[in-house]
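Listed here are the chains, written in short residue letters.
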Amino acid sequence: MEILSEFGLTGCKPANFRVNASVRLNSDEGDLLKDATSFRRFIERLFNLTNTRPNIDFPVQQVSQFISKPRISHLQEAALRILKYLKGSLG
């Protein structure tokens, strides 16, 4: 719940799946994030969660591939999706 509140997603609709299969992450398309530091911190927090939640290991690894040049789509389409999934599976 702490990470959800940190990113303002406590009121979001939970997701049933960890990843959206129709979304392909690309390192060349989309606008770069203005603050890559917060994205890196976010991915670090997700990596810490994989110790207790191994079911998010694969999607976190996929998103972390773009940590050097994160794009808006990486955050919106993949990273936040993982948080929405975690919200739906808190118990």
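Residues numbered from 1 in each chain as written. Predicted model: local features only at pLDDT ≥ 70, side-chain atom pairs only at ≥ 80, totals over all residues. Heavy atoms only, no water.

(A) Here's a closer look at the overall build of the protein chain. A tally of regular secondary structure across the protein chain gives 4 helices and 0 strands. In the protein chain, the succession of α and β elements from N to C terminus is α-α-α-α. A compact globule built from 91 residues should have a C-alpha radius of gyration of about 12 Å, and the protein chain, at 12 Å, falls within 12% of that. In terms of overall dimensions, the protein chain has a C-alpha envelope of 35 × 25 × 25 Å along the principal axes. A total of 91 residues make up the protein chain; the buried ones form 32% of that total. Contacts in the protein chain between residues far apart in sequence, at least 24 positions, make up 83% of those at least 6 positions apart. Entry remark: accessible area of the protein chain is about 5,900 Å², with carbon and sulfur atoms responsible for 49%. (Helix = DSSP H or I, 4+ residues; strand = E, 2+ residues; numbered from the N terminus. Rg over C-alpha atoms; globule rule 2.2 N^0.38 Å. Buried < 20%, exposed > 50% of the residue type's maximum accessible area, 1.4 Å probe, protein only. Contact = heavy atoms within 4.5 Å. Areas by Shrake-Rupley, 256 points an atom, 1.4 Å probe, with all protein chains shown as cover.)

(B) Main features of helix α4 (residues 72-88). Helix length check: α4 (17 residues) gives 23 Å between terminal C-alpha atoms against 24 Å at 1.5 Å per residue, within 8%. For α4, the principal kink sits at R81 and spans about 30°. What α4 keeps buried is the set H74, A78, A79, L80, I82, L83, Y85 and L86. For α4, the elements touching its buried residues are α1 (2-6), α2 (36-49) and α3 (57-64). (Expected span 1.5 Å × (residues − 1). Bend = angle between axes of the 7 residues up to and from the residue.)

(C) Representation of the side chain of T50 within the structure. With respect to the secondary-structure elements, T50 resides in the loop between α2 and α3. Take T50: its relative accessible area is 12%, and that puts it in the buried class. Once residues within four sequence positions are removed from consideration, T50 is found in contact with I56, D57 and V60.

(D) Up close: α3. Burial in α3 covers these residues: P59, V60, V63 and S64. Seen from one end, α3 has its buried residues packed into an arc of 135°, which puts them on one side. Looking at the packing, one finds that the buried side of α3 touches α2 and α4. (Arc of directions from axis to C-beta.)

Nothing here speaks to function; it is all geometry.
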